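Given next are the chains, with one letter for each unit.
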Amino acid sequence: MVAIVGQTKNIALSARGRKNVSVTSIDTPRVGLFVTCLVDAMRPRIGFAAIALLEAAGCVVDIPQRQTCCGQPALNSGDHDGTVAIAQQTIALLEGYDHVVIPSGSCAATICGHYPELFPVGSPWYERASALAGKTFELISYLADIRHWSPDRVALAAHATYHDSCSGLRELGIKAQPRRLLAGVAGLSITEMEGAETCCGFGGTFCVKYPSISNAIVDEKASHVTASGAGLLLGGDLGCLMNMAGKLHRSGSPVRAFHAAEVLAGMADGPAIGEEP
Amino acid sequence: MSTAFTARVDAALADRTLKIAIDRTTGTARSKRAAAVAAWPHFQQARALGRDIKAHVTANLAHYLAEFERNAIASGAQVHWARNAEEACEIVIGLCRQAGARSVTRAKSMLGEEIGLPHALAEAGIERVETDLAEHIVQLAGDTPSHIVWPALHKTREQVGELFRANHADPGALASVEAMVGSARRQLRAKFMAADVGISGANFLIADTGAICTVTNEGNAELTTTPPRVHIVTAGIEKLVPSLSHAMSLLRLLVRSATGAELTQYTTFHCGPKRAGDADGPQAFHIVLVDNGRSKMLTDGLAEMLSCLRCGACLNHCVVYRHIGGHAYGGTYPGPMGSVLTPVLDGLETSNDLPKACTLNGQCQEVCPVMIPLPTLLRGWRDRSWREGLEPATVRGAVWAWRLMVMRPGLYRLATRIAVPMMRLFARRGWIAAMPLAGGWTRHRDFPAPARQTFMDQIRQQRGQS
Ligand code: SF4
């Protein structure tokens, strides 16, 4: 019989999550906040919530002024050269920080998972991409896992349900962290909806390239949100939240949507997605 | 997206019965698989082992093919090699003619569908009897399979009842699923026994013995391969495993991932034709090994796809498949694995919607029993489509213009500073119901109005940075 030798022995028991975290513990890390193009243009409150949370967790927060987009639209369109150019620009912009934090699982996964794959293994850019990947984090998991922060005197009398955005869930292993932190918000209860881990149909450019398929998916998702009985929909990725909130609003649902960071920063008394202040 | 694909997708989305049928079968499959996986503490290690076994075979394909051929011939089988679908069909038709076959029975095989065997048999004037219940339904309906494990998944049991009533000689009351199975059995039994040739696929080709393994739940494969004088196996060259014990490791993964059962009702090993003293078995046993693009996958960055066990788990868990069903994909294989394989089989030009009609949510990879990185392989097709200039000029232009901005942060700031207030002009009470260039979004959902000022502008004012 032929013995198949593989990496069977050292694989992680969980199929999810990342393998490239390489942070040293720093008391007061200098954090570069990459807010994402979507938060910048659509919902700056999430950026401000991120600053407040990071400062509460003992970080010195800097906002690199020349940040734009992580390059995901090019990556997902197959524009390899364009993605490489954007990745190099972003790596050069962010690599000087102790840690880089992003209020989005999918943008964080682009840097943590996909940037290194863009370059030949062992090349200088590969090394730089890998180094950045190792110290880049999605906001909520950073607060929970790296800063060991938990909310203190944050209250919100509400009944919420939580959508696990796909990249954060499967590429970064974000599942328990937001629930753990949200459990510390006084007065907030969470009911899991059916299919919380099922894609909402956003998929970046997918939702406008294949609108009818995206619509069928988000329609089913919206019905699961409604069926949960929750009044609030929470999540960690603005793109998915806008997709679901937009569908809920079109269908006349009263469910309101917030990024989890807004709730944790005590900012959920303000306007929800699509509400005017 | 191409109009042919759009038309298929729209037809599927408009068919509410289809959605009911898909939800019934895939819903059961998902929950049974989840229970089977939960009851298997070492599932993740088993997956890694499965992946390693298949990767090992793929890396040593020529070696195992030669070993398999040697041992199969030694067992009395005749081995044939087909470079592509046409050659494979020619070989099978030739063997049928040589056997003087008027009627052949066929046990479900996706490879048979891939090479177009049903069509080739019809062209050759040979009667084909599908013995798998679902394939029988598909044949009666003049349809093609819409799922690799449940070919007739797109039909509700009510629709199947109508089909049997119209086509079976003695349908009876058809009041229950059991009654329907009974009707099919009465219809098919005589044909099983009268066939000259039985054609099956193979789930595994076992190199060190030259045996092949088939798994079914209905026992039809056994009735297809045992009574006829000639048994023809058609199998893709990637079905190889080094030995029986490797087949067993993979079998555990395959069956649990497909149906959630521990084992199929029938797991049969065929090794050579009937020997002197055997109670039954075919007089001649032919194995047709089919390449049909597989060896090219080795060098085209798709080697990992050769690990596929055809379990169907990625289809059952795919949010796109669950809404559009199998036929909308337009190829032999639907779902995530199909979106990787169809461009190999049919060419990227005609199928380049498939790798793009995916949200890259990763659930397929998460459930794949041999850890195939399906999203990565789909991204590979997207890269290739871009490189080969298959993307429409509108998409290329939009990505080019966007990239120009993203690469110039000063210009990007300016552009967002102008665009954001402009978007607000379309908003009513916080929501945009329609906006130029946003029809893809606003046709189906509202778009939340952006804030008055971008984050970067607000922070610059607050922090006095420039
Ligand atoms: S790709 Fe994986 S999950 Fe999909 S059919 Fe093949 S083995 Fe099963």
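Quantities reported herein were computed from a predicted structural model and do not represent experimental measurements.

Within chain B, the secondary structure is distributed over 23 helices and 13 strands. Referenced to the eigenvectors of the C-alpha coordinate spread, the extents of chain B come out at roughly 95 × 55 × 45 Å. In chain B, which comprises 466 residues, the proportion classed as buried is 58%. Each charge class in chain B can be summarised by its mean position, and for the 52 positive and 41 negative side chains these summaries are 10 Å apart.

Split by domain assignment, chain B resolves into domain 1 (34-294) and domain 2 (409-465). Computed from C-alpha atoms alone, the centre-to-centre distance between domain 1 of chain B and domain 2 of chain B is 56 Å.

This brings us to the pattern of salt bridges. A complete count under the given rule lists 38 salt bridges over all chains for this structure. Between R424 of chain B and E276 of chain A there is a salt bridge, with the nearest N and O atoms lying 3.4 Å from each other. Remark: E276 of chain A occurs in the segment after α13 (260-264) and R424 of chain B occurs in helix α21 (residues 409-424); the pair is interchain, linking two chains. Under the relative-accessibility criterion, R424 of chain B is labelled buried at 19%. Look at E276 of chain A and you get partly exposed, because its relative accessible area is 35%.

Residue and element names in this part refer to chain B. One pass over the structure, following the stated rule, counts 9 cavities of 30 Å³ or more. The space that makes up the largest cavity amounts to roughly 150 Å³. Surrounding the largest cavity, 18 residues form its lining, C318, V320, P336, C358 and L378 being those nearest its centre. Sorting the residues of the lining of the largest cavity by element identifies α16 (335-346) and α18 (363-367) as the ones contributing at least two each. Of the residues forming the lining of the largest cavity, the biggest block, 3 residues, is contributed by α16. Among the residues forming the lining of the largest cavity, the class breakdown is 11 nonpolar, 7 polar and no charged.

All right, on to the side chain of R294 of chain B then. All names here are of chain B. Note on placement: R294 falls in helix α13 (residues 294-299). What makes R294 buried here is its relative accessible area of 5%. When neighbours within four sequence positions are excluded, R294 is seen to be in contact with L111, E114, G236, I237, E238, L306, R310 and Y333.

Take the pairing of strand β1 (residues 30-33) of chain A next. Residues and elements named next belong to chain A. Pairing of β1 with strand β2 (residues 60-62), which is carried by 3 bridges, proceeds in the parallel orientation. Across the sheet, the residue bridging to V31 is V61, located in β2. Across 3 bridges, the pairing between β1 and strand β3 (residues 99-102) is parallel. Paired with V31 across the bridge in β3 is H99.

Now for the nonpolar core. Judged by nonpolar contacts, the single largest core of 76 residues is most densely connected at L54, L139, L188, L233, L234 and V263 of chain A. Here L139 of chain A is in contact with A50, L53, L54, V101, I102, P103 and A261 of chain A, once residues within four sequence places are set aside. With 68 residues, the next largest nonpolar core counts F206 and Y210 of chain A together with L250 and L309 of chain B among its residues.

Residues and elements named next belong to chain B. Here K296 is to be found in helix α13. With 48 residues separating them along the chain, K296 and V344 place their C-alpha atoms 8.7 Å apart. A polar atom in the side chain of K296 sits 2.9 Å from the side chain of D300.

What follows deals with the site of the ligand. Every residue near the ligand is listed here: I148, C308, L309, R310, C311, G312, C314, M337, C368, P369, I372 and L374 of chain B. Considering only residue class, the shell around the ligand consists of 10 nonpolar, 1 polar and 1 charged.

Glancing now at the packing of aromatic side chains. For the structure on display, the rule yields 9 aromatic pairs over all chains. Plain terms: the ring middles of F206 of chain A and Y210 of chain A are 6.0 Å apart, the flat faces sit at 35° to each other, and that makes the pair tilted. Judged by its relative accessible area of 1%, Y210 of chain A falls in the buried class. The ring of W441 of chain B carries the charged tip of R445 of chain B above its face, separated from the ring centre by 4.8 Å.

The rules behind the values
- Note that residues are indexed from 1 along each chain, following the sequence as it is written.
- Chains carry letters from A onward and ligands carry numbers from 1 onward, assigned in written order.
- Only residues with pLDDT of at least 70 are given local features in this predicted model, and only at 80 or more are side-chain atom pairs given and counted; all residues enter the totals for whole chains, interfaces and linings.
- Just so you know, side-chain values use all the structure's heavy atoms and leave hydrogens and water out.
- The helix count covers DSSP runs of H or I at least four residues long, the strand count covers runs of E at least two residues long, and both are numbered beginning at the N terminus.
- Relative accessible area decides the class of each residue, using a 1.4 Å probe on protein chains only: under 20% of the type maximum gives buried, over 50% gives exposed, and in between gives partly exposed.
- Positive: Lys, Arg. Negative: Asp, Glu. His and the chain ends are not part of the count.
- Charge coordinates come from a single atom per side chain, which is NZ of Lys, CZ of Arg, CG of Asp or CD of Glu.
- Domain start and stop positions are those given by an automatic or database domain assignment.
- Each reported salt bridge corresponds to a side-chain nitrogen of Lys or Arg within 4 Å of a carboxyl oxygen of Asp or Glu.
- Note on definitions: the grid is 1 Å and covers protein atoms alone; a cavity is a set of points where a 1.4 Å probe fits but cannot get out; a pocket is an open set with protein on both sides within 12 Å along at least five of seven lines; lining residues have an atom within 4 Å of a point.
- Grid points are joined across faces, edges and corners, and a volume is the space filled by probe spheres set on the points.
- The classification used treats Ala, Val, Leu, Ile, Met, Phe, Trp, Tyr, Cys and Pro as nonpolar, Asp, Glu, Lys and Arg as charged, and all other residues, Gly among them, as polar.
- Only heavy atoms matter for contacts: two residues are in contact if any of them lie within 4.5 Å across the pair.
- Following DSSP output, two strands are said to pair if at least two bridges run between them.
- In these notes, a set of buried Ala, Val, Leu, Ile, Met, Phe, Trp, Tyr and Cys residues joined through side-chain atoms within 4.5 Å is what counts as a nonpolar core.
- In protein, a polar contact means a hydrogen-donor-capable atom and an acceptor-capable atom, both N or O and within 3.5 Å, with residues adjacent in sequence counting only if both atoms are side-chain atoms; elsewhere, any N or O pair within 3.5 Å suffices.
- Only heavy atoms are used to decide nearness, and a residue is near a molecule or strand if one of them lies within 4 Å of it.
- Any pair of Phe, Tyr and Trp rings, taking the six-membered ring for Trp, is counted once the centres come within 6.5 Å. Such a pair is stacked with planes under 30 degrees apart, edge-to-face with planes over 60 apart, and tilted for the rest.
- Consider the ring centre and the ring normal. A charge sits over the ring if Lys NZ or Arg CZ is within 6 Å of that centre and within 35 degrees of that normal.

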